[in-house]
Amino acid sequence: MDALDKDIIACLTSDARMSVAVMARRLNVARSTVQARLERLETNGTIAGYTLRLNTAMEETRIRATILLSVEPRAQASVLTRLRAIPEIRAAHTTSGRFDMLLRVSADTTAALDGVLDQIGDMPGVKSSESLIHLSTKIARQ
């Protein structure tokens, strides 16, 4: 990855909807150059996809939580497969220490969050969980 690739990624990080033409003007290169670089970055997996990010006010109206899971040994793969099917789970991370996984969850209501917690608690391989409800955001870096 060279400096131009990094500049293209920086442009997309600041505005993923930026057109190729605008990006080419900002980077002072031909539109075809930017298009070819984007295709290569997508093909080689550097750019894994494009996503929607809700504005902070919209996201803060949702009930957010961190769920810490203890998973039975050798059950992690099957638990992860089941977790992928729950749309309220925004991210899942493996961890070191007392818990095996950390889940970031976002739901419309407390009832919806409760349903997600029930689904997770009923999964074969989940030994225990601890939920931390997010109250307010003091620092939010992307």
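Residues numbered from 1 in each chain as written. Predicted model: local features only at pLDDT ≥ 70, side-chain atom pairs only at ≥ 80, totals over all residues. Heavy atoms only, no water.

Asks: I tried to follow the overall build of the chain on my own but got confused; where do I start?
Replies: When helices and strands are counted, the chain shows 6 helices and 4 strands. For the chain, the succession of helices and strands along the chain, N to C, is α-α-α-α-β-α-β-β-α-β. For 142 residues, the compact-globule formula gives about 14 Å, and the C-alpha radius of gyration of the chain, at 20 Å, lies well above that figure. On the principal axes, the C-alpha backbone points of the chain span a range of 55 × 35 × 25 Å. Among the 142 residues that make up the chain, the fraction classed as buried is 29%. A fraction of 63% describes how many contacts in the chain between residues 6 or more apart in sequence connect residues 24 or more apart. Of the roughly 9600 Å² that the chain leaves accessible, carbon and sulfur atoms contribute 51%. Computed over 19 positive and 16 negative side-chain charges, the separation of the two mean positions in the chain equals 6 Å. (Helix = DSSP H or I, 4+ residues; strand = E, 2+ residues; numbered from the N terminus. Rg over C-alpha atoms; globule rule 2.2 N^0.38 Å. Buried < 20%, exposed > 50% of the residue type's maximum accessible area, 1.4 Å probe, protein only. Contact = heavy atoms within 4.5 Å. Areas by Shrake-Rupley, 256 points an atom, 1.4 Å probe, with all protein chains shown as cover. Lys, Arg positive; Asp, Glu negative; His and termini not counted. Charge placed at Lys NZ, Arg CZ, Asp CG, Glu CD.)

Asks: Would you take a moment to explain the sheet that holds strand β4 (residues 126-133) for this structure?
Replies: The strands that make up a sheet pair up through hydrogen bonds in the backbone, lying either parallel or antiparallel. The strand order across the open sheet built from 4 strands is β2-β3-β1-β4, with neighbouring strands paired in antiparallel fashion. Of all the strands in the sheet, the pair left with one neighbour each is β2 (89-94) and β4. The sheet shows a mean angle of 20° between the axes of neighbouring strands, taken without regard to direction. Both strand β1 (residues 63-71) and strand β3 (residues 101-107) contribute to a ladder of 7 bridges, which runs antiparallel. Looking at the pairing, I67 lines up with L103 of β3. Running over the sheet, helix α5 (residues 76-84) touches β1, β2, β3 and β4 and is turned about 10° from β3. Sheet strands touched by helix α6 (residues 110-121): β1, β2, β3 and β4. Its angle to β1, the strand with the most contacts, is close to 10°. (Pairing = 2+ DSSP bridges. Axes fitted to C-alpha atoms, helices over the stretch in contact; angles between N-to-C directions.)

Asks: Sorry if this is basic, but what is going on with helix α2 (residues 20-27) here?
Replies: For α2, every residue scored as buried is listed here: V20, M23 and A24. The arc enclosing the buried residues of α2, seen along the axis, measures out at 100°, which places them on a common side. With respect to the buried face of α2, the exposed residues turned more than 90 degrees away are R25 and R26. If you follow the buried residues of α2, they end up packed against α1 (3-14) and α3 (31-43). Immediately downstream of α2, the backbone of N28 shows phi near 60°, a positive value. (Arc of directions from axis to C-beta.)

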